[in-house]
Amino acid sequence: MYQLLSGLIVIEASSFVASPTAGLYLAQMGAEVIRIDQTGGGPDFRRWPRGPSGFSLYWENLNRAKKSVALDLSRPEGRALMQRLAVSSGQFITNFPADGFLAHDTLAAQRPDLVTVRIMGQANGGPALDYTVNAAVGIPGMTGPAELGDEPVNHVLPAWDLLTGSYAAFAMLAAIRHRDATGLGQEVRIPLADVAIGTVANLGMLAETVLDGQDRARLGNTVYGAFGRDFTTRDGARLMLMAITPRQWSGMVEVLGIAAEVAAIEQARGVSFARDEGVRFAQRDALFPLVEARVAAWDRAALEAALTARGGCFGFYGSMTAAASDPVLVTENPIFGRTDNPSGLDYAAPGPFATLPSAVRGAPVRAPRLGEHSGDVLSRLLGMGDGEIDALASEGVIALG
């Protein structure tokens, strides 16, 4: 945990991935992020994967370093409290509906300088999830081997959710800076579908389809526009081998001892592979079999050492189980640490991904128990006394964790 955003209080009302991710990243940089939770847990509170006790490891990790206020949002009193909390700090992030009781105009009537960041499915208010958006922008049709034909292939990483969450955290800080300069609050809307289609456009993929009049063909594990594919060593280890920069290309050629063969291909085809990754991709029909045969003559350990010594870019395929005990990725990685998790499980937990030499990185902070901070937050932000808080708890409007 860093303290770069110390003093910034953000109220979060959210579920699933994108919105909680935005709050998580703000919290990891030192903001006080206060979740508003439904008593008993919201729709994502028990999502898989779950530990032996049934506690969601998904929820536990997306909500690290946050605080929790639990309200009964099925009751008018609970919704009224949520409205008060949403405006209390001046910063509110949510994926609740834009036209509900947390509509920005309704909240801004209480606090005109409120900054609301609202993550949506579609810009028109329609619902969308990462997997439906991914399907709509055409990525599953480009994923997987060519022999699948028109059959779509989903991937397991919710990339659009994660990008949307990151963009929302950035947009929150941008809107705060704008308010500092102008005094004006505003609602920032970030539709998941817009993040997805905007991202593929930023990568040139949308323009490519307009130019070609068709989708990009499936390439299996081949990297589009560069030299990159999976290969297998003599002892059965599979690696992803890349050569994008001139140094990576020359190093790979030297390690595999294929300089003469490469020169022959260049002369025969009138091309040069030294500096243009696109040419390597275009001539992959000649290069891949050559590299495949040479990689197959090496054992993993020797090839790994040789490529490393020459600045090669590669990664051996492994399992997530193996990654969990890998010293570079996890066990000796300073972003990981131990916390007292609500699930009761002991495992390495990540803190902020960024390394800031000028700031002290604290240990990762656990996720809250539902309603753990209800009393403190209602007292501190809304000025409620102990008697009022106790009365709300006895009436079931709030839960004290």
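Placed above this text is the structure.
Asker: Any chance you could break down the overall build of the protein for me, citing the residues and the numbers?
Answerer: A count of helices and strands for the protein gives 17 helices and twelve strands. Overall, the protein is about 85 × 45 × 40 Å in size when its C-alpha atoms are taken along their principal axes. For the protein, the residues scored as buried account for 44% of the 401 residues in total. Within the protein, contacts between residues separated by at least 24 positions form 68% of all contacts whose residues are at least 6 apart in sequence. Here the protein displays about 19400 Å² of accessible surface, and carbon together with sulfur accounts for 57% of that area.

Asker: Requested: an account of the pattern of salt bridges, with residues and values cited.
Answerer: By the definition in use, this model includes 22 salt bridges. Between Glu 208 and Arg 216 there is a salt bridge; the shortest N-O distance is 2.7 Å. Of the charged contacts, one joins Arg 229 and Asp 230 as a salt bridge, the two residues approaching to 4.0 Å between their closest N and O atoms. Given a relative accessible area of 16%, Arg 229 falls into the buried group. Within this structure, Glu 12, Arg 35, Asp 37 and Lys 66 form a network of salt bridges that share partners.

Asker: Hey, could you go over the packing of aromatic side chains for me, with residue numbers and the actual values?
Answerer: Where two aromatic rings form a pair, the distance of their centres and the angle of their planes describe that pair. Tallying each qualifying case throughout the model produces 13 aromatic pairs. When the ring of Phe 45 is compared with that of Trp 59, the centres are 5.0 Å apart and the planes differ by 85 degrees; the resulting orientation is edge-to-face. Residue Phe 45 is found in the loop between strand S2 (32-38) and helix H2 (57-62), and its partner Trp 59 is found in helix H2; the two are separated by 14 residues along the sequence. On the numbers, 5.5 Å between centres and 70 degrees between planes, the contact of Tyr 167 with Phe 170 is edge-to-face. Placement of the pair is Tyr 167 and Phe 170 together in helix H6 (residues 159-182), with a separation of three residues, close to one helical turn. On the accessibility criterion, Tyr 167 (47% relative accessible area) is partly exposed. Taken together, the ring pairs connect Phe 227, Phe 231, Trp 249, Phe 273 and Phe 288 into an aromatic cluster. Here Arg 229 stacks its cationic end above the ring of Phe 288, 5.1 Å away from the centre of that ring. The ring of Phe 316 carries the charged tip of Arg 300 above its face, separated from the ring centre by 4.0 Å.

Asker: An account of the pairing of strand S7 (residues 227-232) is requested, with residue identities and associated values reported.
Answerer: Where a strand is regular, its side chains alternate between the two sheet faces. Counting buried positions along S7 yields five of six residues, so the element is predominantly enclosed. Where S7 lies against strand S8 (residues 238-243), six bridges are found, and the strand directions are antiparallel. Across the sheet, residue Asp 230 finds its bridge partner in S8, namely Met 240. In textbook terms, the turn of a hairpin is the stretch between consecutive antiparallel strands, and for S7 and S8 this stretch comprises five residues, one of which, Gly 236, has a positive phi near 85 degrees.

Asker: Tell me about the environment of Pro 357, and please be specific about residues and values.
Answerer: Along the polypeptide, Pro 357 turns up in the loop between strand S11 (349-350) and helix H16 (374-382). For the pair Pro 357 and Ala 293, spaced 64 residues apart in sequence, the C-alpha separation works out to 45 Å.

Asker: I'd like a rundown of the pairing of strand S1 (residues 9-13), residues and numbers included.
Answerer: In terms of burial, S1 is a largely internal element, five of the five residues being buried. The alternating pattern of S1 places Ile 9, Ile 11 and Ala 13 and Val 10 and Glu 12 on opposite faces, both of which are buried. Both S1 and S2 contribute to a ladder of four bridges, which runs parallel. Bridging across to S2, Ile 9 finds its partner in Glu 32.

Asker: Go over unusual backbone geometry with me, naming the residues and quoting the values.
Answerer: That bond from Trp 48 to Pro 49 is cis: its omega, 0 degrees, falls within 30 degrees of zero. When you line up the elements, Pro 49 lands in the loop between S2 and H2. Despite not being glycine, Phe 16 has its phi angle at roughly 70 degrees, a positive value. Tracing the backbone shows Phe 16 in the loop between S1 and helix H1 (18-28).

Asker: Account for helix H10 (residues 259-269), naming residues and giving values.
Answerer: Of the residues making up H10, those classed as buried are Val 262, Ile 265 and Glu 266. Along H10, the residues classed as buried sweep out an arc of 100 degrees about the axis, all on the same side. Looking at H10, the residues exposed on the side facing more than 90 degrees away from the buried face are Ala 260, Gln 267 and Ala 268. Next to the buried residues of H10 lie helix H9 (246-256) and helix H12 (284-295). Note on H10: the residue one or two positions beyond its end, Gly 270, has a positive phi of about 70 degrees.

Cut-offs applied
All residue numbers refer to positions counted from 1 along the written sequence of the respective chain. In keeping with the predicted nature of the model, local features appear solely for residues at pLDDT of at least 70, side-chain atom pairs appear and are counted solely at 80 or more, and the whole-chain, interface and lining totals rest on all residues. Only hydrogens and water are removed before side-chain values are computed, so all heavy atoms of the structure are retained for them. Each helix corresponds to a stretch of at least 4 residues labelled H or I by DSSP, and each strand to a stretch of at least 2 residues labelled E; elements are numbered beginning at the N terminus. Only protein chains enter the accessibility calculation, which uses a 1.4 Å probe; a residue whose area is less than 20% of its type maximum is buried, one above 50% is exposed, and one in between is partly exposed. Residues count as neighbours in contact if any of their non-hydrogen atoms are within 4.5 Å of one another. The Shrake-Rupley method, run with a 1.4 Å probe sphere, supplies the accessible areas, and residue values consider only the shown protein chains as cover. Only one rule defines a salt bridge in this text: a Lys or Arg side-chain nitrogen within 4 Å of an Asp or Glu carboxyl oxygen. We call Phe, Tyr and Trp rings a pair once their centres come within 6.5 Å, taking the six-membered ring for Trp, and we label the pair stacked below 30 degrees between planes, edge-to-face above 60, and tilted otherwise. Our definition puts a charge over a ring when NZ of Lys or CZ of Arg is within 6 Å of the ring centre and also within 35 degrees of the ring normal. Pairing between two strands is assigned when DSSP locates at least 2 bridges connecting them. As used here, the arc belongs to the directions running from the helix axis to the C-beta atoms.

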